Amino acid sequence: MTRPKPVAMACPALDGNEKKYVLECLDSGWISSIGRFVDLFEAAFARYCECNHAVSCSSGTSALHLALAALDVGPEDEVIVPALTYVATANAVRYCGARPVFIDSEPRTMTLDPRLLEECITPRTKGIIPVHLFGHPADMDPINSIARRHGLFVVEDAAEAHGALYRGRKAGSLADAATFSFYGNKIVTTGEGGMVTTPSATSCQKLRTLRGQGVDPERRYWFPVIGYNYRMTNVAAAIGLAQLERIDHFLEARLRLATSYNARLSPLEEFLSLPSEQPWAKHAFWSYTVILRDTARFERDDLMEGLDHDGIETRPVFYPMHRLPPYLDENAHYPVAEGLAVRGISLPMHVLLTEEDVSYVTDRIRYWCEHLNGRPRRARLALSSQ
Ligand SMILES: *Cc1c(COP(=O)(O)O)cnc(C)c1O
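Right, let's walk through the structure included here. (Residues numbered from 1 in each chain as written. Predicted model: local features only at pLDDT ≥ 70, side-chain atom pairs only at ≥ 80, totals over all residues. Heavy atoms only, no water.)

**Describing the side chain of Asp-139**
In this fold, Asp-139 is placed in the loop between strand E4 (125–128) and helix H5 (140–150). Despite its burial, Asp-139 remains without a salt bridge, the nearest opposite charge being carried by Arg-167 at 4.4 Å. Side-chain polar atoms of Asp-139 contact the side chain of Tyr-166, separated by 2.7 Å. Filtering out sequence-adjacent residues up to four positions away, Asp-139 remains in contact with Thr-111, Pro-114, Tyr-166, Arg-167 and Trp-280. (Helix = DSSP H or I, 4+ residues; strand = E, 2+ residues; numbered from the N terminus. Buried < 20%, exposed > 50% of the residue type's maximum accessible area, 1.4 Å probe, protein only. Lys, Arg positive; Asp, Glu negative; His and termini not counted. Salt bridge = Lys/Arg side-chain N within 4 Å of Asp/Glu carboxyl O. Polar contact = N/O pair within 3.5 Å; in protein donor to acceptor, adjacent residues only side chain to side chain. Contact = heavy atoms within 4.5 Å.)

**Regarding the site of the ligand**
Around the ligand, 13 residues are found, and the nearest of them are Gly-60, Thr-61, Glu-160, Ser-181 and Lys-186. Between an oxygen atom of the ligand and a main-chain N or O atom of Gly-60, the distance comes to 2.8 Å. Lys-186 places a side-chain nitrogen or oxygen 3.1 Å from an oxygen atom of the ligand. Listing elements by their share of the shell around the ligand, those giving two or more residues are helix H3 (60–70) and helix H4 (87–95). Grouping the amino acids of the shell around the ligand by side-chain chemistry returns 4 nonpolar, 6 polar and 3 charged. (Near = heavy atom within 4 Å. Nonpolar A, V, L, I, M, F, W, Y, C, P; charged D, E, K, R; others polar.)

**Some details on the sheet that holds strand E11 (residues 281–282)**
Sheets are built from strands that pair by backbone hydrogen bonding, the pairs being arranged parallel or antiparallel. Read from one edge to the other, the open sheet built from 3 strands follows the order E7-E6-E11, with strand pairing classed as antiparallel. With one partner strand each, in any of the chains shown, strand E7 (169–170) and E11 form the two edges of the open sheet. Bridging between strand E6 (residues 165–166) and E7 involves 2 bridges; their strand directions are antiparallel. Bridge pairing in E7 places Tyr-166 opposite Arg-169. (Pairing = 2+ DSSP bridges.)

**Comments concerning the packing of H3 against H4**
At a closest axis distance of 9 Å, the pairing of H3 and H4 adopts a crossing angle of 40°. Relative to H4, the element H3 lies oblique. Note that H3 runs across H4; the crossing there is right-handed. Of the residues in H4, those touching H3 at Thr-61, Leu-64, His-65 and Leu-68 are Ala-88, Thr-89, Ala-92, Val-93 and Tyr-95. Per-class residue counts for the contact of H3 with H4 are 6 nonpolar, 3 polar and no charged. (Axes fitted to C-alpha atoms, helices over the stretch in contact; angles between N-to-C directions. Parallel < 35°, antiparallel > 145°, perpendicular 65-115°, else oblique. Left-handed = near helix turned anticlockwise from the far one by under 90°.)

**Some thoughts on the side chain of Glu-42**
Residue position: Glu-42 is located in helix H2 (residues 36–48). Discounting residues that sit within four places of it in the chain, Glu-42 has contacts with Ala-54, Val-55, Ser-56, Met-195, Arg-208 and Arg-211.

**Remarks on the packing of H2 against helix H7 (residues 234–245)**
As a packed pair, H2 and H7 sit with axes 8 Å apart at the nearest point and diverge in direction by 35°. The two elements H2 and H7 meet at a crossing, and its hand is left-handed. Residues Arg-36, Phe-37, Val-38, Leu-40, Phe-41, Ala-44, Phe-45 and Tyr-48 of H2 touch H7, and the partners they reach there are Asn-234, Ala-237, Ala-238, Gly-240, Leu-241 and Leu-244. Tallied by class, residues from the contact of H2 with H7 come to 11 nonpolar, 2 polar and 1 charged.

Listed below in structure tokens is the structure:
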């Protein structure tokens, strides 16, 4: 069989003003963290998120750490974090010396299940970090109202959700603060980079101080608090500004690809459950993630292996936090998160993917679902003899 060129999971589109703006940095010498692109990118990002303030930083992980540090999270505290997330959400809590308390997911959105929140709250609970996993927003209204009732902060981890909407409002404008990542595979990239958005001028000031080593803005080389060097470079911000100029195009392309995946995979719904969008949500489709049904008589990893053989890159859903060595808890049980982790597959999703790519990927998924079902060993043998 002749195979087309490999289909990648993710790939940045850098064909807007990225090169022009980066050359401007190089020509002007402003390549460190002072420069006009940092200010322009922060202002444009705040405007895009319909939030008063945006503070850029070096990664989505440092954004989370800054947000929690600015909210005074410390060693006595507990912060509620989904069991199913990228590890950075939990790690940022640990960086502050606090303890992440895990919570199970709601199966359709794969985000934090607000019905389970009350039972996670203890006298030590300081806040909640809902994660807009894969680009679908968490159900923020019940989360915010429970938080308000108990005096807790809410920080959105919006690393995967640039441009997602919750009841018509932008991700990044829905809580006390929100954090974004601009890693190379995210919806908007700066190479490495992050952003914290917040409606509060006081929080914004605190975030800026902590990001820049804790220096007193009025007094040079005077450090009243311990801060960090989490600054974004002007070069990264130049790329980010050019990316942000095209975010509407990026989101449209992702939606078009997701719609095409839905149409082509819907005949396979006996095997796969497809991503759903709640009536109150607009999915940003950072990732197009399908879940193998319980009734399918083959393993998720066999399907992934088949696709890999076809040159199609896929990704398993994250391991739940309580299964990772730093957070290992043999007695903990988060059934929804565990099920999604074992049965979820993220398919290629990026702006440079073509309709032909989606057609090829879905044809191969159909082939493997039909050939693996009920006969994993034979299919495997056929595969290894090719
Ligand atoms: C990517 C990601 C992060 C971390 O972002 P980095 O820029 O890689 O540090 C945090 N949370 C979630 C949910 C992510 O997907």
